[in-house]
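Each chain is listed here by its residues.
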Amino acid sequence: MKMTTQRGKIKAPRAKTSSSVSFDKSWEILASAMTKIQDHESSPLSFELLYRTSYQLVISKMSAQLYDAVKCHISAHLDKVQAGFDPYVVVARDDLSLAPKFLEGLNKQWSDHQTCTKMIGDVMMYLDRVYCLDNTSSPPKLADLGLHLFRDHVVGTGPFAEYLYKVLINEIQREREGEMVDRIVIKNVLSMLDLLPQSKSNKESVLVHCFSDQLVAATTNFYSQAARDLLDGNKDPVVYVTKVSGWLEDEEKRSKYYALESQAYSPLVSDLTVKLVSTKLPEVMALPGSEIRKWYQAKKFDELKTLYRLISKGFPQRSLLHHLLKEQIVSEGQNLNSASNSAVEAARKEKKPSAQQTALAHKWVTDVLTMRDEFAEITAKCFDNDVEVVKSIDEAFVEFVNKHARVAEYLSLYIDNLMKKALKGKSDEEVAAILDSTVACFNFITDKDRFENYYKAHLGKRLLNSKSLSDDAERQLISRFKMAAGGAFTSKFEGMFKDIATSADEMEFFRKSRASITADSEPSSAKKVELTVALLSGTYWPTSIAQGANYTLIHCADAENAKEQFEQYYSKAHSGRKLEWVPNLGNADIRIKFKKKFHDVNVPNPVMPILMLFQDVGDQSISFHRIQMETGIPIPDLKRHLQSVSVAPKTRLLKKVPMSKDVNETDEFFFNENFEAPMTKIRVLAINATRAETDVERDATMVQIDKSRQNEIDAAIVRVMKSRKTLNHNNLVGEVTKQLASRFKPPIPTIKHCIESLLEREYLRRDDNDTTLFHYEA
Amino acid sequence: MVRSDWRAQEIRRVMTFTGSKEKTARDALEKFDWNVEVAIDHILNTPQVDLSGASKVFDKYRNADSDEIDLDGTIQYITDLGLSLEEPTVLAVAMTAGSPSVGTFTRKPFVEGWAAIGGDTLPAQQKLCRSFAESMTSLNADFQKIYKFTYGFLLQEGQRVLPQETAVDYWRLLLTGKYEHLDKWLSFVTEKYKRNISRDAWNMLYEFMLFQAKDPSLESYDEDGAWPSVIDEYVEFLKE
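Residues numbered from 1 in each chain as written. Chains lettered and ligands numbered in written order. Predicted model: local features only at pLDDT ≥ 70, side-chain atom pairs only at ≥ 80, totals over all residues. Heavy atoms only, no water.

Of regular secondary structure, chain B possesses 13 helices and two strands. Taken over 240 residues, chain B has a buried fraction of 42%. When contacts within chain B are restricted to residue pairs at least 6 apart in sequence, those whose partners lie at least 24 apart make up 59%. In the structure as shown, chain B presents an accessible area of about 13300 Å², 50% of it carried by carbon and sulfur atoms. (Helix = DSSP H or I, 4+ residues; strand = E, 2+ residues; numbered from the N terminus. Buried < 20%, exposed > 50% of the residue type's maximum accessible area, 1.4 Å probe, protein only. Contact = heavy atoms within 4.5 Å. Areas by Shrake-Rupley, 256 points an atom, 1.4 Å probe, with all protein chains shown as cover.)

This paragraph deals with the packing of aromatic side chains. Going through the model one piece at a time under the given rule, you end up with 59 aromatic pairs over all chains. Note on Phe188(B) and Phe237(B): the rings are 5.3 Å apart at their centroids and 55 degrees apart in plane angle, and the pair reads as tilted. Of this pair, Phe188(B) sits in helix H11 (residues 182–193) while Phe237(B) is found in helix H13 (residues 229–239), placing the two residues 49 residues apart along the sequence. For Phe237(B), a relative accessible area of 22% puts it in the partly exposed group. The side chain of Lys448(A) reaches across the aromatic face of Phe442(A), ending 5.3 Å from its centre. (Phe/Tyr/Trp six-rings, centres within 6.5 Å; stacked < 30°, edge-to-face > 60°. Lys NZ or Arg CZ within 6 Å of the ring centre and 35° of its normal.)

Once that is clear, we can look at the sheet that holds strand E7 (residues 726–728) of chain A. All names here are of chain A. The three strands lie next to each other as E7-E9-E8, forming an open sheet whose pairing is antiparallel. On the outer flanks of this sheet lie E7 and strand E8 (764–766), each paired with one strand and no other. Between one strand axis and the next, the sheet turns by 30 degrees as a mean value, whatever way the strands run. With three bridges joining them, E7 and strand E9 (residues 773–776) adopt antiparallel strand pairing. Bridged to Asn728 within E9 is Leu773. (Pairing = 2+ DSSP bridges. Axes fitted to C-alpha atoms, helices over the stretch in contact; angles between N-to-C directions.)

This next bit is on helix H26 (residues 624–631) of chain A. All names here are of chain A. Three or more residues of H26 are buried, namely Phe624, Ile627 and Thr631. For H26, the arc enclosing every buried residue in end-on projection is 65 degrees, short of the 170-degree limit, so these residues lie on one face. In this fold, the buried residues of H26 make contact with helix H25 (607–612), strand E3 (622–623), helix H27 (635–646) and strand E5 (668–671). Once H26 ends, the next one or two residues include Gly632, with phi positive near 80 degrees. (Arc of directions from axis to C-beta.)

Let's shift gears to helix H10 (residues 164–175) of chain B. Residues and elements named next belong to chain B. The end-to-end C-alpha separation of H10 is 16 Å, in line with the 16 Å expected for twelve residues at 1.5 Å each. All buried positions along H10 are accounted for by Gln164, Ala167, Val168, Trp171, Leu174 and Leu175. What you see down the axis of H10 is that its buried residues fit within an arc of 140 degrees, all on one side. Looking at the buried residues of H10, the elements they touch are helix H6 (89–96), helix H9 (141–154), H11 and helix H12 (199–214). Gly177 occupies a position one or two residues after H10 and carries a positive phi of about 85 degrees. (Expected span 1.5 Å × (residues − 1).)

Another aspect to go through is a nonpolar patch on the surface. Residue and element names in this part refer to chain B. Taken together, the side chains of Leu71, Ile75 and Leu85 present a nonpolar region at the surface, about 260 Å² in accessible area. Among the secondary structure elements, Leu85 is positioned in the loop between helix H5 (71–80) and H6. Using a relative accessible area of 44% as the deciding quantity, one classes Leu85 as partly exposed. (Patch = residues over 30% accessible without salt bridge, like charges linked within 9 Å, V, L, I, M, F, W, Y side chains within 5 Å. Salt bridge = Lys/Arg side-chain N within 4 Å of Asp/Glu carboxyl O.)

Quick look at the packing of helix H16 (residues 319–349) of chain A against helix H18 (residues 387–401) of chain A now. All names here are of chain A. Where H16 contacts H18, the two axes come as close as 8 Å, and the packing angle between them is 30 degrees. Classed by the angle they form, the pair H16 and H18 counts as roughly parallel. H18 is crossed by H16, and the crossing has right-handed handedness. For the pair H16 and H18, the contacting residues are Leu321, His322, Leu325, Lys326, Ile329, Val330, Gly333, Gln334 and Asn337 in the first and Glu388, Val389, Ser392, Ile393, Glu395, Ala396, Phe397, Glu399 and Phe400 in the second. (Parallel < 35°, antiparallel > 145°, perpendicular 65-115°, else oblique. Left-handed = near helix turned anticlockwise from the far one by under 90°.)

This part is about the pairing of strand E2 (residues 598–604) of chain A. Residue and element names in this part refer to chain A. Counting buried residues in E2 gives five out of seven residues, a clear majority hidden from the surface. Summarising the sheet, strand E1 (residues 587–593) and E2 pair through seven bridges and their orientation is antiparallel. Across the sheet, the residue bridging to Ile590 is Val601, located in E2. The antiparallel pairing of E1 with E2 creates a hairpin that spans four residues between the two strands. The sheet contact formed by E2 and strand E6 (residues 681–683) spans three bridges and is parallel.

Given below as structure tokens:
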């Protein structure tokens, strides 16, 4: 099939070229119309006529001529406009009181000009479309031409521009100082400057190019002077922070209102921030009165918030804040430390017993915790709970807390006091809060092993003497330790609790079995001594608890009998376990008949056999040596026990001959029949209550800790090497430090010593060629 | 008989192929489970040394009862080598002949050690001793081997660490003229350190001498580095 197509040709209409169009005639029409438009008399004009006239000129190839004529016409008009401002610009150039009027006038001329340009543009639309092409070589579109002409013939670069900029800066300054100004006019004029391009090729606005720098310089100068005045005056950092922050906020708001953020004002605000905050604030915050804690104590929360905002603006990562916090906390902390140390020194000079040390420990920890709580509140309330800031604060605490030589002991003593007294009458929430801040302090300690040592000893005494106010609080604290330092850290504490619980169960069984035995075999005349035993596993409890207890206490027959029964019961119930008695722990309740009345006396365990010796001797005396022989108590201990029952005024159950303050080995003792006391129940104090260590004891503790540290380091090295087989020295030291971080910070020389001892014992071998390399020798 | 014939054949094959003696061939075959190829390889790759010469030297000084050169034999032997007991070359001899401890040589290491470097006769050994002495004048790799050997050589049975006095004597013997700060080191050890010397300390002193030669001011010394603590203490001592 064949396709045939017949194409119809569209012929271009033949243009009627009437060469009869005269430029002069046409232009006359257009020019007069433009004048009318500029004089606001455009209503009688015929758009159709004007459009056709300009159209005809264009199609008669007279575009260039027309374009130039339009340009000339507008220029001439704008020259007149500019001349109209002469009264301000030329005559009264220094009288800025006329400025508002000037701006108002300019604003009006500007909006007129824009209207005119728009209307002229509409009339000349065809010229615009054909003659003004979108490339750089062609003349600008009429709308742009209007801007260029306004720039060149009104604003210019001469006296008019100078005057305009001066007026604007002045008006903005007046506004800044709180005077009433016509903000709308200012805004319009500014946006005019923003619309005017710098030149045909440079699209940057006149505002940015010519005005912005002047405005920024003027503003910065103003504020720099204001800041200087501020610091010359009262030098108060609080005032400075508040003012500067206010200024910056003002300027930000202003720039937003004038819609200048992106062009002229943003360098202004950032410039100001650099000048007033980044460079000046560190200096200001070194002045007296810049202590953040004092601001807090004076309840200057808003000011602190302002400070935080200001620092956030002026410093990357808020470096200044971190620096300030660290410096201030460490310096305050060191004040606390030295106050504590000099109090210790004073106490030592006055030979006050270590009981006062406990009070000092309590004071120091309380001070530290108060400070910590305060900073916690500051960060929560004023610093946005900034994680990095919290970290810096913690680091500062770690730094000074560990500079206190007794931090581990003091915190443990503080807790001891909490558990025995201070938590009394506190609500659950209060207790939880106290425990939380206690654990925070615990987290600051680098030598956690030292703390463990003290805590074990103190906890042990609390548990054995039932001195804790609340089991629940004890357990809560331990579970918090567990969260903070891991299960290995608390396993011994938990073991101690378990022992106490098991002991109670065990005693229940013992009582039952004993009742049945007694019923069967024992003669009814035998007096029955109640016995309660605490069963402590050697691995959990601190060795210090049994210190000086390696003697066998000889009880009275009835008590010995009870003890024996328990031993029999226990070995039957748990074969293979070894029981060891710790004679200097525990208490005994005895009822004693004095001349006046009975008293129930609670005495430390070793005092019981001493008193029982006087049961049937009447008014005969017993010598020190006989007491020693019959009880088996070592002489120094015996002296102290006798002191508490024959010298201490409130519990003088025995009389001593001769009467003196000290107990001597030549003394004779009598039963004090005439003893009387207001209460029926009396308590004879144990000779070792919880208290701070003496220096000698502390040294011993340190030696012991150092030794166990060496074992731990050894073990850590072996663990690491076992899994890595070959490792270089630095990595080995790093790994070991990491493994032990939750316990303590091992000093490098100590690690080196341990490595050397392992080399000697041939667990490790140094590489023959690379002397920094170690091999594990299985 | 059939079996031994087969073995004799294999031995002969190895002997003709390698040109070695019957005993060498048999030893190699026995060692490698009568695999002829491996045995031939082994013989060709093992330098053949004649042990008989060195053996004769050993026989001359040995104590017939124990088949060892004992203390008296050693003194005689050292003298015959033209050495005195107080010279460091003796330690090179001890290392070469694999002496297990002071005043003792056993046959196997003695014979093999000397034979391996051509010490078949006493004069040959004397010549070798002279070259030992020459190579022991500076801190070089050969000397380091002798230095390291000395520690184990000096340890007596059951000893784990070297008594300080012994260490000091031998440092003086080995290092005089080689370590310029020897006096300082010895006074540090005797007056300050005052402990016995571990093998690691002994070996690492050598590394430290090399280090100190390169950096006499010890500026680049890093006490957190892999140096043993005795060297740390020594550096502190030097810096005071």
